[in-house]
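Per-entry structural report
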Amino acid sequence: ARQHPAAPARSRRMRARNARSRLACVLASTAISLALTGAVAQASPATSLATPNALAVSRVQHSASEWVSTTDPDSGISVTLPGQPTIIKNTGTVDGKSIPTRTYARKFTKPNGAAAFVVMDVPAGAGPLDYDEVMKGFIQGFASASGTKASMTSTRRFDLDGHPAADGRFTFTADKGDSGVGFIRIVSDGNHVVMIETTGEARKEPTLTRIHQKMVNTLELSGSHQ
């Protein structure tokens, strides 16, 4: 039987859509497992950040007022973080192609919380990122990795100086009843996907909001202030 002329085009579109979905999952799972499930490992950059309790942030001798400009050397993308970060490198795979990811994560006190700046290299031909898939994968993975009940309470899609971007707010509750809140921003410049994330105690949401806003306001993509 002869193949309909439209079939190859549909097949290519389907493969591209599936690849974008897998790319989104790699990004979401990397951020979940490495950055914001409660505590940033201080002893070794290779240590996983996942902990059973998403609010188990140990006391450290610094506060969120100690800001440090942090640049990812591979991309030149930078963000100011609330303290010197721990750096974790990871590699995912989509269609046999390696997806390098760098996570710069920091826990802080006053208030207790954690922040992260994640840069993922995008393989050629990956196409636009599926932001809905990222948000969905992120919140599901966060709940699973942190052992909490988590839900995305709001999302917003927008254009950031010509780059597609999205914001999200989520909440989570630990077994002991402790409540947390988190914020996430995702931006793609075509060659990289950037995630900026903040989590902490829900009762300190106004302060956490200011911390997160300062980070997103200091984001610089490819040497150009965003």
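Everything that follows concerns the structure shown earlier in this document.
This structure is a prediction, so every number in the text was calculated from the model and none was measured. (Residues numbered from 1 in each chain as written. Predicted model: local features only at pLDDT ≥ 70, side-chain atom pairs only at ≥ 80, totals over all residues. Heavy atoms only, no water.)

Turning our eyes to something else, we now look at the nonpolar core. Counting 22 residues, the largest nonpolar core has I77, V79, F117, V194, I196 and L219 as the members making the most contacts within it. Looking at this core, the elements that each hand over two or more residues are β2 (78-81), β4 (97-108), β5 (113-121), β6 (149-160), β8 (179-188), β9 (192-201) and α3 (205-217). If one sorts the elements of this core by residue count, α3 sits on top with four residues. Setting aside chain neighbours within four positions, we find I196 in contact with V79, A116, F183, I184, R185, H212, M215, V216 and L219. In terms of nonpolar packing, the next biggest core, distinct from the first, is built from 19 residues, I99, V122, F142 and F172 among them. (Core = buried A, V, L, I, M, F, W, Y, C linked by side-chain atoms within 4.5 Å. Buried < 20%, exposed > 50% of the residue type's maximum accessible area, 1.4 Å probe, protein only. Helix = DSSP H or I, 4+ residues; strand = E, 2+ residues; numbered from the N terminus. Contact = heavy atoms within 4.5 Å.)

A large share of β8 lies buried, amounting to nine of its ten residues. In the sheet, strand β7 (residues 163-173) pairs with β8 via nine bridges, with the strands oriented antiparallel. Its bridge partner lying in β8, T171 is registered against V181. As paired elements, β8 and β9 share nine bridges and run antiparallel to each other. (Pairing = 2+ DSSP bridges.)

To continue, consider the packing of aromatic side chains. Taken as a whole and judged by the stated rule, the model has three aromatic pairs. Ring geometry for Y104 versus F117: centroids 5.4 Å apart, planes at 25°, classification stacked. Here Y104, found in strand β4, pairs with F117, found in strand β5; they are 13 residues apart in sequence, far enough to count as distant. Lying over the aromatic face of F158, R156 brings its terminal NZ or CZ to 4.0 Å of the ring centre. (Phe/Tyr/Trp six-rings, centres within 6.5 Å; stacked < 30°, edge-to-face > 60°. Lys NZ or Arg CZ within 6 Å of the ring centre and 35° of its normal.)

Here the bond from K110 into P111 is cis, since omega is 5°, no more than 30 degrees from zero. Along the chain, P111 falls in the loop between β4 and β5. Relative to the assigned elements, K110 resides in the loop between β4 and β5. Residue D161 is not a glycine yet carries a positive backbone phi of 50°. Counting through the fold element by element, D161 comes out in the loop between β6 and β7. Classification of D161 by relative accessible area gives exposed; the value is 54%.

Okay, the pattern of salt bridges next. For the structure on display, the rule yields seven salt bridges. Its salt-bridge partner being R102, residue D74 comes within 3.6 Å of it at the nearest N-O pair. Of this pair, D74 sits in the loop between β1 (68-71) and β2 while R102 is found in strand β4, placing the two residues 28 residues apart along the sequence. For R203, the salt bridge is made with E201, and the minimal N-O distance between the two is 3.7 Å. Accessibility expressed as a relative area gives 64% for R203, which makes it exposed. (Salt bridge = Lys/Arg side-chain N within 4 Å of Asp/Glu carboxyl O.)

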